[in-house]
Amino acid sequence: MLEHKEAVIFDMDGSLVDSMWVWKDIDIEYLGRFGLEIPDDLQQMIEGMSFTETAQYFRERFSLERSVEQIKADWNELAWDRYRTRVMLKPGARELLDHCRQQGIKLGIATSNSRQIVDMVMEERGIGDYFSCIMTSCEAKKGKPAPDIYLLTAEKLQIPPQRCLVFEDIVYGIQAGKAAGMEVCAVDDAYSAYQEAEKRRLADYYIKDFTEIKEIGAGIQEKTD
C-alpha cells in the first residue's frame, strides 16, 4: 500500500493512537455535571465533526449555558491527563513512522481533536518530529466526511492527493479521504467495531494494526528473532 506514495496522512484518534474510549468517559462526566445522561444516538450524531462543531452541537442540543470556547476548554481539561498518561500509540505505529521517514515519505496529521491535545500527544509520545504538517478540522472549512482537512493537509505537504495514503478508523473519515482523491487504509478499533463491514467496503485496505503492513511486520519480526 505504500508503493508510489509520497505522503502518509494519519487521523489521530482511533487510528494512530488508542484513544476513542476517552471521549465516552468524558461525555458521561461532562453531561453529568448538568444532570444529563448520554443519549443513545450521541456518538453517531457527532462522528466526524470538528472539535468546534461538536462543542456547538452540545451547546445547542443540551441547551448548555456556556460558550463554545468554554465547552472546548472544559473538554481539554478533562482530556488532558487521560491523553498524557493513558493514551498510547497503536501497535506498529512507531515502526511505520520510522519506515516512512527512512523512505522519504512525508507525514501529516489530520485530526478532529483540539490543537492543544494533538500537540500534547505529539510531545508526550515523542513523535512530533516525524510530521511535516499537523492540521485540525477546526482549521478546515468543514469536518469529516467533507474532504477539506485532507485536501488542506496535502496542500501543506505539497503532495498531490493521488500520491497520499490515509489511515482512518471511522466511516466518515474514510469517506473524507476518498472524497479527497486519496487511497485509504481502514484501521480496526474497538469503538468502531460495529462499522467493520462498511469500513472494509469503503476503504482500499483494512488492517487490525500497523504490524500487518508488510514492511513493518517484517522489521518487527527481525527484531524479535
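This text gives an overview of the structure that appears in the document. (Residues numbered from 1 in each chain as written. Predicted model: local features only at pLDDT ≥ 70, side-chain atom pairs only at ≥ 80, totals over all residues. Heavy atoms only, no water.)

1. A few points about the sheet that holds strand S4 (residues 164-168)
Hydrogen bonds along the backbone pair up the strands of a sheet, which may run parallel or antiparallel. Strand order in this open sheet of six strands is S3-S2-S1-S4-S5-S6, and the pairing throughout is parallel. Two strands in the sheet have a free side with no partner beyond their single neighbour: strand S3 (133-136) and strand S6 (205-207). The mean angle between the axes of side-by-side strands here comes to 20°, regardless of whether they run parallel or antiparallel. Bridge count for strand S2 (residues 106-111) against S3 is four bridges, and the pairing is parallel. Across the sheet, Ala-110 pairs through a bridge with Met-135, a residue of S3. Across the sheet, helix H5 (residues 93-102) lies against strand S1 (7-10), S2 and S4, angled at about 155° from S1, the strand it touches most. Across the face of the sheet, helix H8 (residues 171-179) comes into contact with S4 and strand S5 (183-187) while running at roughly 165° to S5. (Pairing = 2+ DSSP bridges. Helix = DSSP H or I, 4+ residues; strand = E, 2+ residues; numbered from the N terminus. Axes fitted to C-alpha atoms, helices over the stretch in contact; angles between N-to-C directions. Contact = heavy atoms within 4.5 Å.)

2. Points about the packing of aromatic side chains
Scanning the entire structure with this criterion turns up eleven aromatic pairs. Taken together, a centroid distance of 6.1 Å and an interplanar angle of 85° make the contact between Phe-10 and Phe-131 edge-to-face. With Phe-10 in strand S1 and Phe-131 in the loop between helix H6 (115-124) and S3, this residue pair connects regions lying 121 residues apart in the sequence. Each member of the pair, Phe-10 together with Phe-131, is buried. Sitting over the face of the ring of Tyr-130, Arg-101 holds its NZ or CZ atom 4.1 Å from the ring centroid. Directly above the ring of Tyr-206 sits Arg-200, whose terminal nitrogen or CZ lies 3.9 Å from the centroid. (Phe/Tyr/Trp six-rings, centres within 6.5 Å; stacked < 30°, edge-to-face > 60°. Buried < 20%, exposed > 50% of the residue type's maximum accessible area, 1.4 Å probe, protein only. Lys NZ or Arg CZ within 6 Å of the ring centre and 35° of its normal.)

3. Looking at the state of the cysteines
A complete count under the given rule lists zero disulfides for this structure. Cys-100 takes part in no disulfide bond, and the closest cysteine sulfur, belonging to Cys-185, lies 12 Å away. The structure places no disulfide on Cys-164, whose sulfur is separated from the nearest cysteine sulfur, that of Cys-133, by 10 Å. Among the residues examined, Cys-164 registers a relative accessible area of 0% and is labelled buried. (Disulfide = S-S within 2.5 Å.)

4. A look at H8
Every buried residue of H8 is listed here: Val-171, Gly-173, Ile-174, Ala-176 and Gly-177. Each element contacted by the buried residues of H8 is listed here: helix H7 (148-157), S4, S5 and helix H9 (196-202). Looking one or two residues beyond H8, the residue adopting positive phi is Gly-181, at roughly 85°.

5. A few points about the pattern of salt bridges
A side chain with one charge can pair with a side chain of the opposite charge if their charged atoms come near. Scanning the entire structure with this criterion turns up 17 salt bridges. Between Lys-5 and Glu-183 there is a salt bridge, and its shortest N-O distance comes to 2.9 Å. Of the two residues, Lys-5 sits in the segment before S1 while Glu-183 sits in strand S5, which places them 178 residues apart along the sequence. Residue Lys-5 is classed as buried on the basis of its relative accessible area, which comes to 12%. Given the relative accessible area of 25%, Glu-183 is considered partly exposed. Residues Arg-163 and Glu-6 are paired through a salt bridge, measuring 3.8 Å at the closest nitrogen-oxygen approach. Pair noted here: Arg-163 is in the loop between H7 and S4 and Glu-6 is in the segment before S1, with a separation of 157 residues, a long-range link. Residues joined in a network through salt bridges with shared partners are Asp-11, Lys-144 and Glu-168. (Salt bridge = Lys/Arg side-chain N within 4 Å of Asp/Glu carboxyl O.)

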